[in-house]
Amino acid sequence: MLQLSGLGCTDACHTGSAGAVSPWGEGGFLCCYHFSANACLAPICSLHHVAVTTVEGIGSTKSRLHPVQERIAKSHGSQCGFCTPGIVMSMYTLLRNQPEPTMEEIEDAFQGNLCRCTGYRPILQGFRTFARDGGCCGGSGENLNCCLNQKEDHTVTLSPSLFNPEEFMPLDPTQEPIFPPELLVGDADALGRGPATSGCHEARETLVKHTSGDLCALALWVFLSSSDTGGQAPVSHTPKGTHTSRIHMSVGGNIITASPISDLNPVFMASGAKLTIVSTGTRRTVRMDHTFFPAYRKTLLAPEEILLSIEIPYSREGEYFSAFKQTSRRDDIAKVTSGMRVLFNPGTVQVKELALCYGGMADRTISALKTTQRQISHFWNEGLLQDVCAGLAEELSLAPDAPGGMVEFRRTLTLSFFFKFYLTVLQKLGKENSEDQCGKLDPTHASATLLFQKDPPANVQLFQEVPKGQSEEDMVGRSLPHLAAAMQASGEAVYCDDIPRYENELSLRLVTSTQAHAKIKSIDTSEAQKVPGFVCFISADDVPGSNITGICNDEMVFAKDEVTCVGHIIGAVVTDTREHAQRAAQAVKITYEDLPAIITIEDAIKSNSFYEPELKIEKGNLTNGFSEADNIVSGTGAQCNLGEWVGPGLGRGRGLLRNHSPFRQVGFMKTGRVVALQVEHYSNAGNSMDLSQHVSRMHPCILGVVNGKSKAGPTSIGLLTSCLIFVFFSRENCWKKRGLSIIPTKFGISFSNPFLNQGGALIHVYTDGSVLLTHGGTEMGQGLHTKMVQQASSPVASVSAAHLHVTSGKSSPLSASVSSSEACQTILKRLEPFKKKNPSGSWEDWVMAAYLDAVSLSATGFYKTPNLGYSFETNSGNAFHYFSYGVACSEVEIDCLTGDHKVRIWDWVQAVGSESLTALQVEGAFVQGLGLFTLEELHYSPEGSLHTRGPSTYKIPAFGSIPSVFRVSLLRDCPNKKAIYASKAVGEPPLFLAASIFFAIKDAIHAARAGNMDHKMKKLFQLDSPATQEKIRNACVDKFTRLV
Ligand SMILES: Cc1cc2nc3c(=O)[nH]c(=O)nc-3n(C[C@H](O)[C@H](O)[C@H](O)COP(=O)(O)OP(=O)(O)OC[C@H]3O[C@@H](n4cnc5c(N)ncnc54)[C@H](O)[C@@H]3O)c2cc1C
Ligand code: FES
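Keep in mind the model is a prediction, meaning the values are calculated, not measured.

Conventions we followed
Residues numbered from 1 in each chain as written. Chains lettered and ligands numbered in written order. Predicted model: local features only at pLDDT ≥ 70, side-chain atom pairs only at ≥ 80, totals over all residues. Heavy atoms only, no water. Helix = DSSP H or I, 4+ residues; strand = E, 2+ residues; numbered from the N terminus. Buried < 20%, exposed > 50% of the residue type's maximum accessible area, 1.4 Å probe, protein only. Contact = heavy atoms within 4.5 Å. Areas by Shrake-Rupley, 256 points an atom, 1.4 Å probe, with all protein chains shown as cover. Phe/Tyr/Trp six-rings, centres within 6.5 Å; stacked < 30°, edge-to-face > 60°. Lys NZ or Arg CZ within 6 Å of the ring centre and 35° of its normal. UniProt positions renumbered as here; feature names shortened; annotations may be inferred. Polar contact = N/O pair within 3.5 Å; in protein donor to acceptor, adjacent residues only side chain to side chain. Pairing = 2+ DSSP bridges. Axes fitted to C-alpha atoms, helices over the stretch in contact; angles between N-to-C directions. Core = buried A, V, L, I, M, F, W, Y, C linked by side-chain atoms within 4.5 Å.

A. Focus on the overall build of the chain. On a plain count of helices and strands, the chain comes out with 28 helices and 38 strands. Burial status across the chain gives 54% buried among its 1044 residues. For the chain, long-range pairs separated by at least 24 residues make up 72% of all intrachain contacts whose partners lie at least 6 apart in sequence. Carbon and sulfur atoms make up 54% of the accessible area of the chain, which amounts to about 45,600 Å² in all.

Structure (structure tokens):
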């Protein structure tokens, strides 16, 4: 695989799943073309006659940034910058192929890129300036908040954009590097690949597949036997696929890999495709039917055979075909995939052939032969639908422990897909007036046939500009791009993995427990010692002094005698290289004696496994409250129908969010007024306490899983939820429902453990005028250093921003800011006499004068958040320094048949005090919240091993996950007296506000269930966060879910 030494090629998951974090652009052959790709997926041999361009090759901070690099940096599209080079190269490649792309093309170009910080919207908004249909909502001006519609407000100026596009360098395609002529080859095929690169890809099919939610639309470059041409001819080609992993993967490889979740194989199988297979001196044709994949990852091909071509038959009159794919995320691999085909006897709706082929339902691609064969000669009507569904439910069963899990969901999907196919065919037949012989399409069912696609994003962030008259020099409150953004966009930023190796540098690799709870009986390193370059193995016995660590002194540097979670660190091997360390670590043999393990919260409650002390907050007199109540209802969240008694608001709001089980009993009056509420709250606190007690204030359960700090916020938000139902939409659409939810948040800022709320800063001013500020905060992409520069350059601190260099430690941003500001002021006081003496002098003059006068220009600052300390015993004192306020409203739509959802509109207002640097964080936090509440699910084995460990199994939101309308208003006119420059922290509050999406989904599910209500279904139901497709589909109980 391609390993590039440039800093822009960041090291990531090595599977191509984490997005184009290892990017490169490429030129091509006679008809020169460009594409981006993941270095980890690109074999070196694929680079024959190819020119590789890395992110460093298109621009630099030292010479000139490329417009793509400039725009992502200035539009706040880079925070930690880890993803930035990949995103830059995807955009660069698109522009090389299409200098004036549409917004849709821009969005498509990023399928395969992931970003954890920015929330994607700033990136899309910055790159929208390249789009021919730009404007914040695609140029239509239909969006009320569209930048085209902004009117000046005389009191405050609301700006729709954090940057001024007029300042951007224009894109000039004529200035791009030309493809090196010496690499051009004459004999390139239409695909642009020369013969030397073909290898076993001799068949030269290429596939560009465009996946959209549940439907996989295919555009193939295939070779068809065509009586018209008398030979082979390419029939269609869609050149817009830029998904990095698609570029290097061939259709032949996809077929021969025989993946049970291949997108294409069910499609080929259902279509009756014929494969031409060659070997030395032999050539044969086989039909891809149910016999083609005899076993897991096996095909009928002999080892020496090569797949030469695929022949897909033309569709005939009376023949209909659909393909379906269900993914966790739009650009993801399938959970279930399907190809479906029906052929009717001429002029009738009587089935002649029916093929229903599935991936994800067995260890290979399968065809539901039993079910389909008995439909021959049947009419396409309700009777057939019912019979096929009953047949599929029986034929496509999965064992409860089937690999991939989600058994009920996957089985339901097979029926849902067929139902969609049935309706689609019915709709088409209806248009051809066959309604007499087949069923008639109920118009309320028609929406089930539509693609569940997200509209292109039309997003806007409104923030309040600085007051008129604020000095140009004063950066506070201005939307200053991240200080390191340009370096990140040009690949110059140095990350740990980029630091060159030192001579004699050694590598260390941890050896961790494979058991959740066990005694360590022995550690055998003899095999590890045989690995070349082995230096030593270190464990608890090698720790000088105390082996105890952790904020609560309940952890060990290395486990001694006993392990308490899978992944518990037992020791480490030290070797000469990274690769040797990996091998040596694997060779260390540990024998265990298993002890009982507690994996789930339910286990912990049963075993009374809690950290002490148990924390309690009591307000009022609970005993009196219950004795006065007209009714008392008890139970867990799952058992009780609280909402039916006390009204929908509270009932719907009590969904369980991430391991929390909040309800015990409620007392209420006949009017519905709640007079007493007892809530028990449990959280997964992992195998060590860490900060769990301080952040969760509940029963932190001791579990045999790696420490996971819990968050209290989501559940309290849940209790505040207010939901409305989209009555009209729901009535008219049987299988699509909409939901709405509004959530306010009042989020406490500061650590409730007082000693954590402190910070120091150190300033040195050097004789050339440069300033080194070292502060206690952690710059992790959120822009803390940028904030420091803003503050240091304000009139209060007035240190020249141009001279400032910042380094950091690990305390909170507020402590870092205040302590830095204090240090700045000390320096300024010392410089004051020199400024007075020479008022027209420069910064450098005053600094030099102070030096010559032997005045120290080093100073420290220190800050401690005052008046903190809450007591659970007395229920008194301050847990927080101040509160951050915001409110969000979400409108979602769900596809009841597949469990897909899309966030149609997300409106959010957040009070950010009086500075706007926070713009960098708020949207990223929201998108993380979107992941937390709808996508990011941890799966543990019953033995406590985490299955979801990387981007291929743990899904974070991608570009396509963000709301279609995403309106963010940052209100600055609400100063906060308790923080520096009247600012407010806004990291976590927006993360919690994304819970409005969860509750909007729940609202939509209510509507779905209301439409399918029968005597067996309860009106109220439990939906645990995250609201994944599986949970949404399973909660939308209907005739299909009842069959499986
Ligand atoms: C990040 C990522 C995302 C993915 N997402 C999807 C997805 O959404 N849907 C999906 O279906 N798949 C997905 N895949 C799987 C992917 O489609 C296959 O891995 C790919 O198609 C294999 O093609 P290749 O050209 O890389 O084959 P190779 O890896 O080069 O070959 C695979 C095997 O097939 C053999 N082979 C290749 N061509 C021929 C031939 N013509 N004749 C005989 N043998 C041959 C090779 O010898 C080898 O044994 C994904 C893979 C990755 C890494
Ligand atoms: S991952 Fe995109 S900026 Fe951090």
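Back to the write-up after that little detour.
B. Representation of the packing of aromatic side chains. This structure, assessed with the given rule, holds 23 aromatic pairs. Consider the rings of tryptophan 380 and phenylalanine 421, whose centres lie 5.9 Å apart with planes at 85°: the pair is edge-to-face. Of the two residues, tryptophan 380 sits in the loop between α8 (369-373) and α9 (382-395) while phenylalanine 421 sits in helix α10 (residues 407-431), which places them 41 residues apart along the sequence. Like tryptophan 380, the residue phenylalanine 421 is buried in the burial classification. Arranged with centres 5.2 Å apart and planes meeting at 70°, the rings of phenylalanine 419 and tryptophan 735 form a pair that is edge-to-face. Note that phenylalanine 419 is positioned in helix α10 and tryptophan 735 in the loop between α20 (727-732) and β31 (736-749), a separation of 316 residues in sequence. Like tryptophan 735, phenylalanine 419 is buried. An aromatic cluster is built from Tyr320, Phe344, Trp380, Phe418, Phe421 and Tyr422, whose rings are joined through pairwise contacts. Directly above the aromatic system of phenylalanine 130 lies the positively charged group of arginine 71, at a separation of 4.0 Å from the ring centroid.

C. Up close: the UniProt feature "binding site: FAD" (unreviewed entry) in the chain. In the UniProt entry, the feature "binding site: FAD" (unreviewed entry) is given for Ser250, Val251, Gly252, Gly253, Asn254, Asp263, Leu307 and Lys325. Tracing the chain through its elements places glycine 253 in helix α6 (residues 251-257). Engagement of the side chain of lysine 325 in a polar contact is seen with the side chain of aspartate 263, the distance being 2.9 Å.

D. Examining the sheet that holds strand β17 (residues 507-512) more closely. An order of β17-β23-β19 is seen for the 3 strands of this open sheet, with the pairing classed as antiparallel. Single-partner strands in this sheet number two, and they are β17 and β19 (534-539). Going across the sheet, the axis of each strand differs from the next one's by a mean of 20°, ignoring polarity. Pairing analysis gives 6 bridges linking β17 to strand β23 (residues 569-575), with the strands arranged antiparallel.

E. Focus on the nonpolar core. Core analysis: the biggest nonpolar cluster contains 114 residues, and Phe127, Tyr358, Trp380 and Phe418 have the highest contact counts within it. Counting residues in each nonpolar core, the second largest holds 20 residues, with Val251, Leu264, Phe268 and Ile310 among its members.

F. Expanded view of the pairing of strand β12 (residues 319-327). When you tally the buried positions in β12, you get 8 out of 9 residues, the bulk of the element. Alignment of β12 against strand β13 (residues 334-344), held across 9 bridges, turns out to be antiparallel. Each residue of the ladder has a partner; that of lysine 325, found in β13, is threonine 337. Hairpin connection, β12 to β13: the antiparallel pair is bridged by 6 residues.

G. Seen up close, helix α1 (residues 67-74). The buried fraction of α1 is high, at 7 of 8 residues. All of the buried residues along α1 are Pro67, Val68, Gln69, Glu70, Arg71, Ile72 and Ala73. Those residues of α1 hidden inside the fold are in contact with α2 (84-97), α4 (121-127) and α11 (485-489). Phi turns positive one or two residues past the end of α1, at histidine 76, with a value near 65°.

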